[in-house]
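# Structural overview for review
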Amino acid sequence: MLRRVWRQGYATEAALAVLDWAKSSGYERLWATVWDWNTASRRVLAKVGFTETERKEVDAVHGTTLFATRQL
């Protein structure tokens, strides 16, 4: 997202829309990935109910990818 629209709730709104769609489509669980340094995206995932798991993948270029999951 463009920096000028950060902290206006758009990411949270989009995440909630995806959760609604997934639930109405019959999904029971969702997974998400996020880089460990992306604290804003990690906050959004936590806000909409994702829990970070122990799984991590290290990338020399982008950093560590964290995995999170949420039951629907």
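Here the structure is shown first, and the text comes after it.
Criteria and thresholds
- Residues numbered from 1 in each chain as written.
- Predicted model: local features only at pLDDT ≥ 70, side-chain atom pairs only at ≥ 80, totals over all residues.
- Heavy atoms only, no water.
- Core = buried A, V, L, I, M, F, W, Y, C linked by side-chain atoms within 4.5 Å.
- Buried < 20%, exposed > 50% of the residue type's maximum accessible area, 1.4 Å probe, protein only.
- Contact = heavy atoms within 4.5 Å.
- Phe/Tyr/Trp six-rings, centres within 6.5 Å; stacked < 30°, edge-to-face > 60°.
- Pairing = 2+ DSSP bridges.
- Helix = DSSP H or I, 4+ residues; strand = E, 2+ residues; numbered from the N terminus.
- Axes fitted to C-alpha atoms, helices over the stretch in contact; angles between N-to-C directions.
- 1 Å grid on protein atoms, 1.4 Å probe; cavity = no way out; pocket = protein on both sides within 12 Å on 5 of 7 lines; lining within 4 Å.
- Points joined across faces, edges and corners; volume = space filled by probe spheres on them.
- Nonpolar A, V, L, I, M, F, W, Y, C, P; charged D, E, K, R; others polar.

## As for the nonpolar core
- Core analysis: the biggest nonpolar cluster contains twelve residues, these being A15, L19, A22, L30, A32, V34, V44, L45, V48, F50, L66 and A68.
- Ignoring anything within four residues of it in the chain, the contact list for F50 reads L19, L30, W31, A32, L45, A68, T69 and R70.

## Regarding the packing of aromatic side chains
- Scanning the entire structure with this criterion turns up two aromatic pairs.
- On the basis of an interplanar angle of 40° and a centroid distance of 5.7 Å, the ring pair of W21 and Y27 is categorised as tilted.
- Taking 5.2 Å as the distance between ring centres and 15° as the angle between the ring planes, the aromatic pair formed by W35 and W37 counts as stacked.
- Assessed through its relative accessible area of 33%, W35 is described here as partly exposed.
- W37 gets classed as exposed once you look at its relative accessible area, which sits at 52%.

## Description of the pairing of strand β2 (residues 51–59)
- Alignment of β2 against strand β3 (residues 63–71), held across six bridges, turns out to be antiparallel. Among the inter-strand pairings, E52 is bridged to a residue of β3, identified as A68.
- In textbook terms, the turn of a hairpin is the stretch between consecutive antiparallel strands, and for β2 and β3 this stretch comprises three residues.

## Quick look at the sheet that holds strand β1 (residues 29–35)
- One open sheet accounts for three strands, arranged β1-β3-β2; its pairing is antiparallel. Two strands lie at the open edges of the sheet, namely β1 and β2, each paired on one side alone. Looking at each pair of strands side by side, their axes are set apart by 25° on average, direction ignored.

## Thoughts on the pairing of β3
- Here seven bridges tie β1 to β3, and the two strands are oriented antiparallel to one another. Each residue of the ladder has a partner; that of V34, found in β3, is L66.

## Points about the layout of surface pockets
- Roughly 760 Å³ of volume is contained in the largest pocket.
- Lining the largest pocket are 25 residues, with A11, T12, A40, S41 and V44 sitting closest to its centre.
- Contributing elements (two or more residues each) for the lining of the largest pocket: α1 (10–24), β1 and α2 (39–47).
- Ranked by the residues each element gives to the lining of the largest pocket, the list is headed by α1, at seven residues.
- Residue classes in the lining of the largest pocket are distributed as 17 nonpolar, five polar and three charged.

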